[in-house]
Amino acid sequence: MERDVKILASVRLLGYEHAISPVDGGDPFGGGNSFGGMNAEDILKSFFGGSNAGPFGSAGSNFTSGGFQEAAQYTLNLSFMEAVKGVNKEMSARTRVACDRCSGSRAEPGSSFSKCTSCNGSGEETVSTGFFHMRSTCRRCGGSGHIIKNPCRKCNGAGSMMETRKITVPVPAGIENGQTVRMPMGGGEIFITFKVDNSKIFERDGANVHSTATVSFTQAILGGSVRVPGLHGDVDVKIPAGTQSHQKVRLSGKGIPRLNSIGRGDHIVHFSIHIPRYLTEKQRALVTALAELDEDLQGTVNGVSENDKTKGKIGNDNDVEKTKQELGCRNG
């Protein structure tokens, strides 16, 4: 393959890339699109070894009369946590393997070979196009140096066959949806694109993850802690006193492993304050008393008059304790 690339590069450097283009069909030396009886496609095929070899070989073995064969592509489904932590995932894939009848020789067992007369057994031929002289794989024998008189009946002389096999794909931790990896298989390679499911708990942003923690309005006012699901187990998160809705806290290093790098991202927890729809009589009385002491209140509160706010039903600590006892609440 390396030799073929150098040949094409030299042609481009000389400015004759159109001379070998099967699309353009031009000939800088005159005579249409032929070079000594060979058309442009024949020259390309001579560079890349014809179409006898399988689709997972070198650049030469991938060339057919229709062009280069593309490597097989597959899609592998992953759960969110499989993508986060990495996993060895099994899948089925088609691969080219040596024929078990001829063991890759391409000939019927026990049959003989004859030396290729085109290349005299060397496996190479010289292609002359004007002042170009290029050595390439023999088109007749495919580089083997011999001719098969009796091709293998099972593989029709190809020497290999396509077969479905179970393979294990080592999925790296931190893989993202839509990313593709290249994996060697059967002497060639396949391309695997990952499709990652969404999570009901986490939202991914690169190596960071976001989640929501619901806290009560008393936790938001007084502070406390809440237990939330993490990527590697539950985590206790502190709630600062006076937490506002949508306020967030960052758990450094608790996110997703950085692919092709070191360390992990962060887990960002967003607080959502739960406001109860229904209150008991005692709860309503305490909240009403709190509203009467709210100096930052804008507008009005149901059940609290301007007169109540001015006087304040609860004026000092003794009154607070008395009110709590009257409501049957626990001290403290």
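See above for the structure.
Okay, so let's go over this structure. This structure is a prediction, so every number in the text was calculated from the model and none was measured. The numbers attached to residues start from 1 for each chain and follow its sequence in the written order. Per-residue local features of the predicted model are confined to residues with pLDDT of at least 70, and side-chain atom pairs are confined, for both listing and counting, to 80 or more; whole-chain, interface and lining totals are unaffected and use all residues. As a convention, hydrogens and water are excluded, and side-chain values are obtained from all of the structure's heavy atoms.

**What to know about the side chain of Asp-266**
Right, on to step 1. Relative to the helices and strands, Asp-266 is located in the loop between strand 18 (248-251) and strand 19 (267-274).
Right, on to step 2. Separated by 2.9 Å, the side chains of Asp-266 and Arg-250 make a polar contact.
Right, on to step 3. Nitrogen and oxygen atoms within 3.5 Å of one another constitute a polar contact, given that in protein one can donate a hydrogen and the other can accept it, and given that sequence-neighbouring residues count only through two side-chain atoms. Among the polar contacts listed, one links the side chain of Asp-266 to the backbone nitrogen of Gly-253, at a separation of 2.9 Å.
Right, on to step 4. Contacts are assigned to residue pairs with any non-hydrogen atoms lying within 4.5 Å of each other. Among all residues touching Asp-266, those that are not within four sequence positions of it are Ala-207, Asn-208, Val-209, Arg-250, Leu-251, Ser-252, Gly-253, Lys-254 and Gly-255. Think of it this way: any DSSP run of H or I at least four residues long counts as a helix, any run of E at least two long counts as a strand, and we number them from the N terminus.

**What about the sheet that holds strand 13 (residues 188-196)?**
Right, on to step 1. Any two strands are treated as partners once DSSP identifies two or more bridges connecting them. Sheet architecture is open: three strands sit in the order 5-13-12, paired in mixed fashion. Every other strand in the sheet has two partners, leaving strand 5 (73-78) and strand 12 (180-185) as the edge strands with one partner each. Put simply, the sheet's adjacent strands are angled 35° from each other on average, direction ignored.
Right, on to step 2. Here strand 12 runs beside strand 13; their pairing, made up of six bridges, is antiparallel. Paired with Pro-184 across the strands is Glu-189, a residue of strand 13. Here an angle of 0 to 180 degrees is reported between the N-to-C directions of two axes, which are lines fitted to C-alpha atoms, with helices fitted over the stretch in contact.

**Some points on the pattern of salt bridges**
Right, on to step 1. When a carboxyl oxygen of Asp or Glu lies within 4 Å of a side-chain nitrogen of Lys or Arg, that pair is called a salt bridge. Under the counting rule described, the total for this entry stands at eleven salt bridges.
Right, on to step 2. Among the ionic pairs, Lys-154 bridges to Asp-100, the shortest N-O distance being 2.7 Å. With Lys-154 in the loop between strand 10 (146-148) and strand 11 (160-171) and Asp-100 in the loop between strand 6 (87-98) and strand 7 (113-115), this residue pair connects regions lying 54 residues apart in the sequence.
Right, on to step 3. Beyond isolated ion pairs, a larger network of salt bridges with shared partners links Arg-101, Glu-108 and Arg-153.

**Looking at the nonpolar core**
Right, on to step 1. To qualify as a nonpolar core, a set must consist of buried Ala, Val, Leu, Ile, Met, Phe, Trp, Tyr and Cys residues joined through side-chain atoms within 4.5 Å. Classification of residues uses two cut-offs on accessible area relative to the type maximum, computed with a 1.4 Å probe and protein chains only: under 20% is buried, over 50% is exposed, and between them is partly exposed. Within the largest apolar cluster, 16 residues are counted, with the highest numbers of intra-cluster contacts made by Met-91, Ile-167, Val-169, Ile-190, Ile-192 and Phe-194.
Right, on to step 2. By residue number, the principal contributor to this core is strand 13, which donates four residues.
Right, on to step 3. Counting residues in hydrophobic clusters, the runner-up holds nine residues, among them Ala-213, Val-215, Val-228 and Ile-239.

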